[in-house]
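A look at the structure
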Amino acid sequence: MSDALVGIDAIDWAELEHAYGSAEDVPGMLRDLYRPEKAADASDDLLTHVYHQGGAVYSSAPAALVYVLKAAADPAIAPTVRHELLELVGALAYAANTAEPRFVPQAWPASWDLAVTDLLPLLDDPAAPNRIAVADALAEARHRADEVIAALQARWAGEPEQESRTQLIDAVGSLIPHADAQRDDALRRDPETADTSAPLRTRGRATGGRRHAQLRCAGLVSVERCQ
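Computed from a predicted model, the values in this text were never measured in an experiment. (Residues numbered from 1 in each chain as written. Predicted model: local features only at pLDDT ≥ 70, side-chain atom pairs only at ≥ 80, totals over all residues. Heavy atoms only, no water.)

To continue, consider the overall build of the protein chain. From N to C terminus, the protein chain includes 10 helices and 4 strands. For the protein chain, the sequential pattern of α-helices and β-strands runs β-β-α-α-α-α-α-α-α-α-α-β-β-α. When each of the 227 residues of the protein chain is scored for burial, the buried share is 51%. Long-range contacts, defined here as pairs at least 24 residues apart, represent 66% of the contacts in the protein chain between residues at least 6 apart. Carbon and sulfur atoms provide 52% of the accessible area of the protein chain, an area that totals close to 10600 Å². (Helix = DSSP H or I, 4+ residues; strand = E, 2+ residues; numbered from the N terminus. Buried < 20%, exposed > 50% of the residue type's maximum accessible area, 1.4 Å probe, protein only. Contact = heavy atoms within 4.5 Å. Areas by Shrake-Rupley, 256 points an atom, 1.4 Å probe, with all protein chains shown as cover.)

A few words on the environment of glycine 54. The topology assignment puts glycine 54 in the loop between helix H2 (39-51) and helix H3 (60-72). In this structure glycine 54 comes out as partly exposed when scored by relative accessible area, which is 27%. As for glycine 54 and alanine 93, which are separated by 39 residues in sequence, their C-alpha atoms are 9.9 Å apart.

For the rest of this paragraph, the subject is the packing of aromatic side chains. Enumeration according to the criterion identifies 1 aromatic pair in this entry. Ring centres of tryptophan 108 and tryptophan 112 lie 6.1 Å apart, and the angle between their planes is 10°; this geometry places the pair in the stacked category. Highlighted residues: tryptophan 108 and tryptophan 112, both in helix H5 (residues 108-119), separated by 4 residues, approximately one helical turn. By the burial criterion, tryptophan 108 is buried, and tryptophan 112 matches it. When the ring centre of tryptophan 156 is taken as origin, the NZ or CZ atom of arginine 165, which lies over that ring, is 4.1 Å away. (Phe/Tyr/Trp six-rings, centres within 6.5 Å; stacked < 30°, edge-to-face > 60°. Lys NZ or Arg CZ within 6 Å of the ring centre and 35° of its normal.)

The next point concerns the side chain of aspartate 32. Along the chain, aspartate 32 turns up in helix H1 (residues 26-32). With residues near it in sequence (within four places) discarded, aspartate 32 still touches Lys38, Ala39 and Ala42.

Between the first and last C-alpha of helix H8 (residues 162-175) there are 20 Å, a value that for 14 residues agrees with the 20 Å anticipated at 1.5 Å per step. Counting buried positions along H8 yields 11 of 14 residues, so the element is predominantly enclosed. All of the buried residues along H8 are Ser164, Arg165, Gln167, Leu168, Ile169, Asp170, Ala171, Val172, Gly173, Ser174 and Leu175. (Expected span 1.5 Å × (residues − 1).)

So, about unusual backbone geometry. Despite not being glycine, histidine 52 has its phi angle at roughly 65°, a positive value. Positionally, histidine 52 belongs in the loop between H2 and H3. Given the relative accessible area of 29%, histidine 52 is considered partly exposed.

What follows is the structure, encoded as structure tokens:
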């Protein structure tokens, strides 16, 4: 636990905010993730305080993100708790991509970029629900779309679980409009698929109707091309 929390006391949490005010209680939540009897409550508290209901990214989120991901990657923590933490990461990333820029702190992009690097190895997590949550979160990594698509494709080739395979396809489809290497192909097949102005996702799933079908088709074509 000590290595995972290096630097936590150097952050001025009292100057940061979450949904209920000062974020000075966030370090305690992060520490409790490593206490088995408190971990589940701590992950719930982080969701309600640091994420809350979306629509904005609180100033505590960039500082907390690195510690949330370290806990999510720790096999000593219960898989269900790690799953909730991965869902928190995805929820924060979705909020950052969909909120008005004035509601996203300047520290978020750099923190999210580091998080993407930490998320990529977790595509191989032993627990299928966690792999699904990782793919869902990585679908928000628009700034590294080509790199992330390649990783999702590689995971799809060896993924045994159908639900995980479906999530990988949806994630690839969501990223294609932002990917230099594959956007032209998508545009030739269906101009609307490559429309970056259209909403791509709702939290936890691709959008419904025709848009969903377009993105899933583009994702399926992309992953099958790599077999």
